[in-house]
Amino acid sequence: MIERLDKILERYNFIEKELTTQEVLSDIKKTKEYSKELANLEDLIKCYKRYKEVLNGIDEAKELMNDKELGEIAKEEFNSLSKEKEDLEAQLEILLIPKDPNDDKNVIIEIRGAAGGDEANIFAGDLFRMYTRYAEKQGFSYQVYDSEEGTAGGFSQIEFIIKGDKAYSFFKYESGSHRVQRVPITEANGRLQTSTATVLAMPEVDDDIDIEINPNDLRIDIYRSSGKGGQGVNTTDSAVRITHLPTNTVVTCQNERSQIQNKEQAMKVLKARLYDMKLAEQEKEAGAERRSKIGTGDRAEKIRTYNYPQNRVTDHRIGFTTKNLDRVMDGDLDELFTALRKEEEIRKLQGEESDN
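Presented here is an overview of the structure given in this document. Keep in mind that this is a model prediction, so the values were computed, not measured.

We now examine the sheet that holds strand E8 (residues 249-253). If you walk across this open sheet you meet the 3 strands as E6-E7-E8, and the pairing is antiparallel. Each having just a single partner strand, strand E6 (218-223) and E8 make up the two edges of the open sheet. Here the strands of the sheet are splayed against their neighbours by 15 degrees on average, with no regard to which way each runs. In this structure, strand E7 (residues 239-244) lies alongside E8, joined through 5 bridges in antiparallel fashion. Looking at the pairing, Val 240 lines up with Cys 253 of E8.

Structural data, given as structure tokens:
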């Protein structure tokens, strides 16, 4: 591990030096690339530097342990530093796990009402509020691309982007089927009903990712917007529907005021969808990596139950349960997201150990 860390430290120092040279500073693409790599290594390097300080401190404490005057203090220092050494080694193991290259990206989320009719659409609206409240608490922003409101409230479908530092890393575990158990406001007899909504979370595709789309593979339809968007949005043919013929992937965008803006946003979503398909294909081929993931990312996979009578949320993939459903639905997702992240770290560590 030390040899590996020394090589990473050497790389970090090299990049730090390069970022002061005129040659790199005059190259915007290179500067951005190096700055991003430096930022990704920062936590690891900080932890490793402290680890080296602790090792030196342990050596110094050992030398003083037999000293008549300083022996007791040295023993205390040795015990304290030895404990810190163990903690730092555990941290370094986790920090050395290869990071998901998409973690730094924005996230595109699509929510659909599924089984349960009006109640499923209302629940889809609840999930949208839950995610956007959490995003706001994190200082993120969001923008709706396309939506279809349910007749009794909520959404039969809504698609939006959340923008912020490492946004995808927070929401990447959300793809799958979410199940709600409650007495619907639409239920006159007060009977408990189970309904579902599906979620798809995808990293936004930026310039770092090469997704080629042949214009000849696209069918683009223009139609009149039906959603909200301010004065004039419903009086012009500004909504855009793009169909990627080889995969039969359909994307619509109607929440921007102009046809050009809607087309740009729809292309972003299409690229994200095609990239998501590409990732799923790669994961099928890489068995160990797939096993380390939390869930399959498939819409059909039941990942979580929201039980209103018991004020309970259960994530079935990791066996996590909290009795704070009211707070969760209000966007308090830290406890849940932390549990998912820790479980994936454990699985990745176990995967690395089995590979060695």
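On we go from here.
According to the stated counting rule, one finds 26 salt bridges in the structure shown. Across the pair Arg 304 and Asp 315 runs a salt bridge, and its minimum N-O distance is 3.0 Å. In this pair, Arg 304 is assigned in strand E9 (residues 302-307) and Asp 315 in strand E10 (residues 312-315), connecting sequence segments 11 residues apart. With relative accessibility at 0%, the residue Arg 304 sits in the buried group. Take Asp 315: its relative accessible area is 0%, and that puts it in the buried class. One network of salt bridges, in which partners are shared, links Asp 100, Asp 103, Lys 172 and Glu 344.

A few words on a nonpolar patch on the surface. Nonpolar side chains collect at one region of the surface, where Leu 64, Leu 70 and Ile 73 lie side by side and expose about 260 Å² of accessible area between them. Within the secondary structure, Leu 64 sits in helix H3 (residues 28-64). Given a relative accessible area of 36%, Leu 64 falls into the partly exposed group.

Looking now at the nonpolar core. Counting 37 residues, the largest nonpolar core has Ile 109, Ile 111, Leu 127, Tyr 131, Ile 162, Phe 171 and Tyr 306 as its most contacted members. Elements with a contribution of two residues or more to this core: strand E1 (107-113), helix H5 (118-137), strand E3 (155-163), helix H6 (167-171), strand E5 (193-203), helix H9 (325-329) and helix H10 (334-355). Once residues lying within four places of it in the same chain are set aside, the contact partners of Leu 127 are Ile 111, His 178, Ala 197, Val 199 and Tyr 306. Counting 22 residues, the second largest nonpolar core, distinct from the first, contains Val 240, Cys 253, Ala 272 and Leu 279.

A separate point is the packing of aromatic side chains. Tallied over the entire structure, the rule returns 12 aromatic pairs. A centroid spacing of 5.9 Å and a plane angle of 85 degrees characterise the contact between Phe 128 and Tyr 142, whose relative ring orientation is edge-to-face. With a gap of 14 residues between them, Phe 128 in helix H5 and Tyr 142 in strand E2 (residues 141-149) connect regions that are remote in the sequence. On the basis of relative accessible area, Phe 128 is assigned to the buried category, the value being 12%. Of the residues examined, Tyr 142 reaches a relative accessible area of 35% and is grouped as partly exposed. Between Phe 140 and Phe 170, the ring centres sit 5.6 Å apart and the planes meet at 70 degrees, which makes this aromatic pair edge-to-face. Here Phe 140, found in the loop between H5 and E2, pairs with Phe 170, found in helix H6; they are 30 residues apart in sequence, far enough to count as distant. With respect to class, Phe 140 is no different from Phe 170; both count as buried. Among the aromatic residues, those joined into a ring-pair cluster are Tyr 131, Tyr 134, Phe 140, Phe 170, Phe 171 and Phe 337. When the ring centre of Tyr 223 is taken as reference, the NZ or CZ atom of Arg 241 above it lies at 4.5 Å.

Scoring rules and cut-offs
- Residues numbered from 1 in each chain as written.
- Predicted model: local features only at pLDDT ≥ 70, side-chain atom pairs only at ≥ 80, totals over all residues.
- Heavy atoms only, no water.
- Pairing = 2+ DSSP bridges.
- Helix = DSSP H or I, 4+ residues; strand = E, 2+ residues; numbered from the N terminus.
- Axes fitted to C-alpha atoms, helices over the stretch in contact; angles between N-to-C directions.
- Salt bridge = Lys/Arg side-chain N within 4 Å of Asp/Glu carboxyl O.
- Buried < 20%, exposed > 50% of the residue type's maximum accessible area, 1.4 Å probe, protein only.
- Patch = residues over 30% accessible without salt bridge, like charges linked within 9 Å, V, L, I, M, F, W, Y side chains within 5 Å.
- Areas by Shrake-Rupley, 256 points an atom, 1.4 Å probe, with all protein chains shown as cover.
- Core = buried A, V, L, I, M, F, W, Y, C linked by side-chain atoms within 4.5 Å.
- Contact = heavy atoms within 4.5 Å.
- Phe/Tyr/Trp six-rings, centres within 6.5 Å; stacked < 30°, edge-to-face > 60°.
- Lys NZ or Arg CZ within 6 Å of the ring centre and 35° of its normal.

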